[in-house]
Amino acid sequence: MIFYFSGVSSAADAQILKQAGVEHILVDMDDLPVLLETNWQGRIAIDSGSYRAFKSGKRLDPDAYIKRLDWLEGLAVTSTDFSSGFQGGANRYDFIAAPDVIGDPETTLSNWLYLTKSYRNALRSRLMPVWQWGASIEHLRLYLDTSPSGLVGLGGLVPLIRDRRSDHLSDSERKTWDKARQKVLDQVLQIAQAYPGRFHLLGLCWVKAFNVLKPYLASGDSSLWLEGARYRFAIFQHSKTGKLSHAPAGMFPEFKSLDRSGLLLANAANIERFVQAG
């Protein structure tokens, strides 16, 4: 499984990922300039920005998105733009997520059909449809059959599998929540096993899901590495189980004294080593 680090919103955080040896980053087109400012030479995947639009009460328009694809394809950075020496073109991007609409699978499908019919330029080969969790299985099969990149994104899972540690749940509420997200994970695993190497999971934010799904997904992304800043959590490979794990940084001498940047660097490096180990 290829893992893409997401959540990069500043050049400083992008530099941390570079220092950690990270090879793959996912950004939307609004945050791409931030990444390029750092002379990023690794691989790039492009998110649609649908979640950003959802939070602001907007929807992605497919015609406007096609114009942004044209900008992305023709992007050629000069000294007056950024210092990265970045050159545009299809080979620079591993995949480009199509404009899905959160909570509206029918419009998501309509956008996909319109996009694949209307857009015929070089980046078409990188397009990845996004199947919102819980949408029609017929939609999923259509996406699998028509994806130029060969990938299908699994979206809408973050609210169903997130940790909720900041929600102050009671013990009984925690048990109910853990049971519910375990059920979702079992269902995702079943689909991933049925179509191994075909899915990119958007928001792979649960370390247990990371471990379970890793052999079957083509790729996944999340801002999991940022738990060091959000909750002072350390992420590491467990010495006994060999699985990716996380725990409060204060429990470990090697993490306890690290500042924000140091903890993010350690988390990113540990995740990258875990992924690269196969």
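Refer to the structure presented above.
Scope of this entry: the structure provided in the associated data block. Note that the structure is predicted; figures quoted are calculated from it, not measured. (Residues numbered from 1 in each chain as written. Predicted model: local features only at pLDDT ≥ 70, side-chain atom pairs only at ≥ 80, totals over all residues. Heavy atoms only, no water.)

Description of the overall build of the protein chain
- Counting secondary structure elements, the protein chain contains 12 helices and 11 strands.
- For the protein chain, the C-alpha radius of gyration of 19 Å lies close to 19 Å, the compact-globule estimate for 278 residues.
- Here the protein chain, with 278 residues, has 49% of them falling under the buried criterion.
- Counted over contacts in the protein chain with a minimum sequence separation of 6, partners at least 24 positions apart contribute 59%.
- Of the side-chain charges in the protein chain, 32 are positive and 29 negative, and the distance between the mean point of each set is 5 Å. (Helix = DSSP H or I, 4+ residues; strand = E, 2+ residues; numbered from the N terminus. Rg over C-alpha atoms; globule rule 2.2 N^0.38 Å. Buried < 20%, exposed > 50% of the residue type's maximum accessible area, 1.4 Å probe, protein only. Contact = heavy atoms within 4.5 Å. Lys, Arg positive; Asp, Glu negative; His and termini not counted. Charge placed at Lys NZ, Arg CZ, Asp CG, Glu CD.)

Comments concerning the pairing of strand β4 (residues 93-97)
- When you tally the buried positions in β4, you get 4 out of 5 residues, the bulk of the element.
- The sheet contact formed by strand β3 (residues 43-47) and β4 spans 2 bridges and is parallel. Its bridge partner being in β4, Ile44 is matched across the sheet by Tyr93.
- Bridge analysis of β4 against strand β5 (residues 127-128) gives 2 bridges, and the strand direction is parallel. (Pairing = 2+ DSSP bridges.)

Points about the packing of helix α4 (residues 62-74) against helix α5 (residues 105-118)
- Contact pair α4 / α5: the axes reach a minimum separation of 10 Å and the direction vectors enclose 45 degrees. When the axis of α4 is compared with that of α5, the two are oblique. The interaxial crossing formed by α4 with α5 has right-handed handedness. Only Asn111, Tyr114, Leu115 and Ser118 of α5 make contact with α4, whose side of the interface consists of Pro62, Asp63, Ile66 and Leu69.
- Residues of the contact of α4 with α5, tallied by class, amount to 5 nonpolar, 2 polar and 1 charged. (Axes fitted to C-alpha atoms, helices over the stretch in contact; angles between N-to-C directions. Parallel < 35°, antiparallel > 145°, perpendicular 65-115°, else oblique. Left-handed = near helix turned anticlockwise from the far one by under 90°. Nonpolar A, V, L, I, M, F, W, Y, C, P; charged D, E, K, R; others polar.)

Brief notes about unusual backbone geometry
- Within the chain, Arg164 stands out as a residue other than glycine whose phi angle is a positive 65 degrees.
- Topologically, Arg164 is positioned in the loop between α7 (158-161) and α8 (171-194).
- A relative accessible area of 24% means that Arg164 is categorised as partly exposed.

Re the packing of aromatic side chains
- According to the stated counting rule, one finds 13 aromatic pairs in the structure shown.
- For the ring pair Tyr4 and Phe95, a centre distance of 5.5 Å and an interplane angle of 75 degrees mean the geometry is edge-to-face. With Tyr4 in strand β1 (residues 2-5) and Phe95 in strand β4, this pair connects stretches of sequence that are 91 residues apart. Neither Tyr4 nor Phe95 differs from the other in exposure class; each is buried.
- With 5.7 Å between their ring centres and 75 degrees between their planes, Trp131 and Trp133 make a pair best called edge-to-face.
- Following the ring pairs from residue to residue traces out a cluster consisting of Phe3, Phe5, Phe210, Trp225 and Phe274.
- Over the ring of Phe233 we find Arg165; its NZ or CZ atom is 4.1 Å from the centre of that ring.
- Looking at Arg181, its charged tip hangs above the ring of Trp206, at a distance of 3.9 Å from the centre. (Phe/Tyr/Trp six-rings, centres within 6.5 Å; stacked < 30°, edge-to-face > 60°. Lys NZ or Arg CZ within 6 Å of the ring centre and 35° of its normal.)

A look at the pattern of salt bridges
- Summed over the entire model, instances satisfying the criterion amount to 14 salt bridges.
- One salt bridge in this structure joins Arg162 and Asp167, with 3.0 Å as the shortest N-O distance.
- Here Arg162 falls in the partly exposed class, since its relative accessible area comes to 32%.
- Across the salt bridge formed by Arg165 and Glu227, the nearest N and O atoms sit 3.8 Å from each other. Note that Arg165 is positioned in the loop between α7 and α8 and Glu227 in helix α10 (residues 227-230), a separation of 62 residues in sequence.
- The exposure class of Arg165 is partly exposed, given its relative accessible area of 22%.
- Judged by relative accessible area, Glu227 falls into the buried class, the value being 5%.
- One network of salt bridges, in which partners are shared, links Asp28, Asp30, Asp31, Arg52 and Arg68. (Salt bridge = Lys/Arg side-chain N within 4 Å of Asp/Glu carboxyl O.)

Quick notes on the side chain of Asp221
- In this structure, Asp221 sits in strand β9 (residues 219-222).
- Within the buried core, Asp221 has no salt-bridge partner, and the shortest N-O distance to an opposite charge, that of Arg230, equals 9.9 Å.
- Here His200 takes part through its side chain, which lies 2.6 Å from a polar atom of the side chain of Asp221.
- With residues up to four places along the chain from it excluded, the contact list for Asp221 reads Phe3, Tyr4, Ser6, Leu26, His200, Leu201, Leu202, Gly203 and Leu204. (Polar contact = N/O pair within 3.5 Å; in protein donor to acceptor, adjacent residues only side chain to side chain.)

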